[in-house]
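Descriptive structure summary
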Amino acid sequence: MKKVLYFPTEKKESWQSFIELKVKELKRGLIEINSGNWQLKCRDIIYLKNLCERYNLTIVSINSYIPETIISANSLGFESSLELEFAEKSKRTFDNEIINSLQSPSTFFHQGTLRSGESLDVNEDLLILGDVNPGAIVSAGGNVMIWGRLLGIAHAGKHGNDHAKITALQLRPVQLRISNKIARGPKEKPEQGLAEEALIEEGVIVIKPAKNS
Amino acid sequence: MTSDTRVILICSGKGGVGKTTLTANLGISLASKGCPTAVLDADFGLRNLDLLLGLENRIVYTAQEVLEENCRLDQALVKHKQQPNLSLLPAGNPRMLEWLKPEDMQKIVEMLNDQFQYVLIDCPAGVEDGFKNAVSASKEAIIVTNPEVSAVRDADRVIGLLNTHGVKPVQLVLNRVRPKMMQSQEMLSIDDVTDILALPLLGLVLEDEQVIVSTNRGEPLTLVGSNSPAARCYSNIASRLQGEEVPLIDPAKEGSSLKDKFRRLMQTKIF
Ligand SMILES: Nc1ncnc2c1ncn2[C@@H]1O[C@H](COP(=O)(O)OP(=O)(O)O)[C@@H](O)[C@H]1O
Ligand SMILES: [Mg+2]
């Protein structure tokens, strides 16, 4: 029988000691891990794996609603899926897009924040798990999706695709480019936690709340 | 090689943000807490760590002669008279950069490892060659920046470089904080800076004219037991480096209380 191991909902403490206690209680068998809103790096997942092995537990899957965790788990060969039910409402609109692109072969992933002076230029769709800081530039032949803040410059549809979009959890760029159109970033700060997208409407770049696609 | 020696790079994106001042004051602070500390001037172009420490006239040999094996390490190390736990390893002349390789820096640092608990490297600004040499020799770094857009932007870039070189942990020191300007939002706030740089904040250093006075005298503030705002900040940073939990000063509360005003008045009288 499969048991589920949930991460602490409180972010106050570190999860390691909490999990170790739980694992000791469970003892041998199959478990599914749900890391909730904790972001786990590869080394965290290796830690989990070793811990479970010590108590004769086999991890069958790792679920989380943080995409980074899913990617880490996937890269280590674990079955894992993005949980939606806990996701904050505001982010949920964006989740479907992320899930679709996670499964799409024509998406280029980048994990980590792009800092000033760094750039990323791809021909496919671009999915970034992290921030694009002021002074950084990202461009893509297709859409640009940023699970984080866009504070630098982003260019979508760089080969002339007018239907390309730029989506980010927070859209506060220095400059936006879609196809051959250029727009300066909005002066006012957007509402916190509302994913937004930029696209071309009637020949100009507009920014609106990301819609559920 | 003693493994518990901490080799810490003090670096920044822009020049003039306060690296050398931090290196000198942190060096003295750590030394006065009983830790044998070496400060290494790796800013060959703009060397002035010796000046700040008041050691300029005692330099005979430099790192250059050590590497060329024209002298022993202990001949080149300049021990601070008032704070003998602190030694300076002076940089060679600027031409040294032309032949210095990352291995050379590593060699120097390895030699220092035997005698010292802390090795602080005053690094050249930004992305120059000297920076890359220094990076190769350390695991840990402190980024110094000011609450200004351009300084933060350049710091961000250097953090990216440190990441690609695998330097970890990287902590942040925000220097020249002016509480009044922060309050009136004429200056980037602490949150603005940490939001972008996404680094743990090791400490704030308040803008303090005593820093300039002490620089000109060649006596770091932390050496003379000053109680000026910046001196307290430097000493707090040293404590945090050693793992003590010291609360951050609150810029909003700085300089407003009567006691602070009185203390400042006293200081201007004394100095
Ligand atoms: N907290 C501070 N308050 C006032 N002046 C400062 C402070 N920190 C640095 N300075 C001044 O700024 C100038 C540059 O500092 P320095 O340490 O030489 O920078 P860097 O080594 O990064 O080029 C010096 O004149 C120094 O006295
Ligand atoms: Mg300097």
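Being a predicted model, the structure only gives us computed values, none of them experimental.

**Some remarks on the site of ligand 1**
Residue and element names in this part refer to chain B. Around ligand 1 lies a shell of 16 residues, among which Gly-16, Lys-19, Thr-20, Thr-21 and Asn-175 are the nearest. In the environment of ligand 1, an oxygen atom lies 2.5 Å from a nitrogen or oxygen atom belonging to the side chain of Thr-21. In the model, a nitrogen atom of ligand 1 is placed 3.0 Å from a nitrogen or oxygen of the Asn-175 side chain. Mapped onto the shell around ligand 1, the elements with two or more residues apiece are α1 (19–32), β7 (170–177), β8 (201–206) and α10 (209–217). For the shell around ligand 1, the class distribution of residues is five nonpolar, seven polar and four charged.

**Details of α10(B)**
Residues and elements named next belong to chain B. Of the residues making up α10, those classed as buried are Gln-210, Val-211 and Ser-214. Across the axial projection of α10, the buried residues extend over an arc of 105 degrees, all falling on one side. Along α10, the residues that are exposed and aim more than 90 degrees away from the buried face are Glu-209 and Asn-216. Buried positions along α10 lie against α1 and α11 (229–241). Its side-chain oxygen at 2.8 Å from the backbone nitrogen of Gln-210, Asp-208 defines the N-terminal cap of α10.

**Details of the environment of Pro124(B)**
Residue and element names in this part refer to chain B. Summarising the element assignment, Pro-124 is placed in the loop between β5 (118–122) and α6 (129–136). For Pro-124 and Leu-26, which are 98 residues apart along the polypeptide, the C-alpha to C-alpha distance reads 17 Å. For Pro-124, the residues in contact, after removing those within four places along its chain, are Lys-19, Ala-42, Asp-43, Gly-130 and Phe-131.

**Details of the sheet that holds strand β11 (residues 166–171) of chain A**
Residue and element names in this part refer to chain A. Strand order in this open sheet of six strands is β5-β7-β9-β11-β14-β15, and the pairing throughout is mixed. Each having just a single partner strand, β5 (107–111) and β15 (204–209) make up the two edges of the open sheet. Put simply, the sheet's adjacent strands are angled 25 degrees from each other on average, direction ignored. With five bridges connecting them, strand β9 (residues 144–150) and β11 associate as parallel partners. Bridge pairing links Ile-146 to Ala-168 in β11.

**Concerning the confidence of the model for chain B**
The predicted coordinates ought not to be read in detail in places where the model reports low pLDDT. The pLDDT averaged across chain B works out to 89; a share of 92% of its residues lies at or above 70. Overall fold confidence (pTM) sits at 0.73, and the ipTM for the predicted complex is 0.71.

**Let's talk about the sheet that holds strand β6 (residues 119–122) of chain A**
Residue and element names in this part refer to chain A. Spatial ordering of the open sheet is given by β6-β8-β10-β12-β13, a layout of five strands whose pairing is mixed. Pairing within the sheet leaves two strands with one partner each, and these edge strands are β6 and β13 (181–184). Here the strands of the sheet are splayed against their neighbours by 10 degrees on average, with no regard to which way each runs. Strand direction decides the pairing type here: β6 and strand β8 (residues 137–140), joined by four bridges, are parallel. Residue pairing for β8: Ser-119 is matched across the bridge by Ile-137.

**Quick notes on α1(B)**
Residues spaced three or four apart along an α-helix face the same direction, because each turn holds 3.6 residues. Residues and elements named next belong to chain B. Taking 1.5 Å of rise per residue, the 14 residues of α1 would be expected to cover 20 Å, and the 20 Å separating its terminal C-alpha atoms lies within 8% of that figure. Counting buried residues in α1 gives 13 out of 14 residues, a clear majority hidden from the surface. In the segment just after α1, Gly-34 is the residue with positive phi, at about 100 degrees.

**Concerning the interface of chain B and chain A**
Interfaces are frequently sized by the accessible area removed from exposure as the parts join. In this complex, chain B contributes eleven residues to the contact, which on the side of chain A involves ten residues. Here chain B meets chain A over a buried area of about 870 Å², counting both sides, of which 39% is carbon and sulfur. The three residues of chain B that bury the most area against chain A are Arg153(B), Asp156(B) and Ile196(B), which together make up 51% of that side's buried surface. A salt bridge links Asp195(B) to Arg149(A); the nearest nitrogen and oxygen atoms lie 2.7 Å apart. Within the residue set of the side of chain B that touches chain A, elements represented by two or more residues are α7 (149–164) and α9 (190–197) of chain B. In terms of residue count, the dominant contributor to the side of chain B that touches chain A is α7(B) (six residues). Classifying every residue of the side of chain B that touches chain A by side-chain character gives four nonpolar, two polar and five charged.

Rules used throughout
Residues numbered from 1 in each chain as written. Chains lettered and ligands numbered in written order. Predicted model: local features only at pLDDT ≥ 70, side-chain atom pairs only at ≥ 80, totals over all residues. Heavy atoms only, no water. Near = heavy atom within 4 Å. Polar contact = N/O pair within 3.5 Å; in protein donor to acceptor, adjacent residues only side chain to side chain. Helix = DSSP H or I, 4+ residues; strand = E, 2+ residues; numbered from the N terminus. Nonpolar A, V, L, I, M, F, W, Y, C, P; charged D, E, K, R; others polar. Buried < 20%, exposed > 50% of the residue type's maximum accessible area, 1.4 Å probe, protein only. Arc of directions from axis to C-beta. Contact = heavy atoms within 4.5 Å. Pairing = 2+ DSSP bridges. Axes fitted to C-alpha atoms, helices over the stretch in contact; angles between N-to-C directions. pLDDT = per-residue confidence, 0-100. Expected span 1.5 Å × (residues − 1). Buried area = accessible area lost by both parts, 1.4 Å probe. Salt bridge = Lys/Arg side-chain N within 4 Å of Asp/Glu carboxyl O.

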